[in-house]
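Residue-level listing of the chains:
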Amino acid sequence: MKIRRPRLPRTRRGRRRLVQAVMAGCVLALLPMTWLYVSTAERLRTTANAPRAQVAVVFGAGLWNGEPSPYLAHRLDAAAKLYRAGRVDVVLVTGDNSRKDYDEPDAMRAYLSRHGVPGKRIVSDYAGFDTWDSCVRAKKIFGVDRAVLISQGFHIRRAVALCEAAGVDSYGVGVDAEHDATWYYGGTREVFAAGKAVLDAVFRPDPMFLGPKEHGVSEALAQARD
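Residues numbered from 1 in each chain as written. Predicted model: local features only at pLDDT ≥ 70, side-chain atom pairs only at ≥ 80, totals over all residues. Heavy atoms only, no water.

### A word on the side chain of arginine 157
Move 1: Residue placement: arginine 157 occurs in helix α5 (residues 153–165).
Move 2: For the buried arginine 157, which has no salt bridge, the nearest side chain bearing the opposite charge is glutamate 42, at an N-O separation of 9.0 Å.
Move 3: Other than its neighbours up to four places away in sequence, arginine 157 contacts Leu36, Tyr37, Thr40, Ala41 and Leu44. (Helix = DSSP H or I, 4+ residues; strand = E, 2+ residues; numbered from the N terminus. Buried < 20%, exposed > 50% of the residue type's maximum accessible area, 1.4 Å probe, protein only. Lys, Arg positive; Asp, Glu negative; His and termini not counted. Salt bridge = Lys/Arg side-chain N within 4 Å of Asp/Glu carboxyl O. Contact = heavy atoms within 4.5 Å.)

Written out as structure tokens, the structure is:
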């Protein structure tokens, strides 16, 4: 069976309309990214000027042989730095634990403990399967109203926008990362993920797993005040 190649319009008007259609498609594709940049422009910080907040939220970024990947380790380093500086009291680690042999939150907790954050100041969310789920669960399950979010620069805008949509007053710290293949993949992926982020923010679906409310954050904050 022969596959017909698409034919370009033969007339000048047809070619002009094709170009216009392509340009319109590009504009529509970039609108979600534009929304992310505009809506989060005033909410990005560094570890040096992050606002005081009771809670820091660290999003999972994969494990290597059971240990945090380099990208995730950079996020956790930033959280530990904020805790040691007294800018946050509790760190909420949110990640994937959908199977027994893969446990992001426990690996994140262990890493933070080795870097100076007491275990009683770390709270684990085992059902942070994507950014929207993590944000909604931070609000509805853990009762987080205001937080500093920590991720890589290519992801932090989406995290802030989605947590704001979920009802969490959020500021984002985008940590540095080597511009390797993973970084370029992450940046490219964000262009497509931005479209889903718009849909999540508009329709606000329930997370994959919601479950009962947990008091880990409030209890850790109460201990911090004692």
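### Some details on helix α7 (residues 216–225)
Move 1: Val217, Ala220 and Leu221 are the residues of α7 that are buried. Looking straight down α7, one finds that the buried residues subtend no more than 100 degrees of arc, so they occupy a single side.
Move 2: Where α7 is buried, its residues contact β2 (55–59), β5 (90–94) and β6 (122–125). (Arc of directions from axis to C-beta.)

### Focus on the environment of aspartate 77
Move 1: You can see aspartate 77 is positioned in helix α2 (residues 70–84).
Move 2: Taking C-alpha positions, aspartate 77 is 7.7 Å from leucine 112, a pair spaced 35 residues apart along the chain.
Move 3: With sequence-adjacent residues up to four places away left out, aspartate 77 is seen in contact with Tyr111 and His115.

### Quick word on the state of the cysteines
Move 1: The tally for this structure, following the rule as stated, stands at one disulfide.
Move 2: Between the sulfur atoms of cysteine 135 and its disulfide mate cysteine 163 the distance is 2.2 Å. An S-S torsion of about -85 degrees defines the bridge between cysteine 135 and cysteine 163 as left-handed. A residue pair is termed long-range when its members are at least 10 positions apart, and cysteine 135 in helix α4 (residues 131–140) and cysteine 163 in helix α5 qualify at 28 residues.
Move 3: Assessed through its relative accessible area of 0%, cysteine 135 is described here as buried.
Move 4: According to the relative accessible area criterion, cysteine 163 is buried, its value standing at 2%. (Disulfide = S-S within 2.5 Å.)

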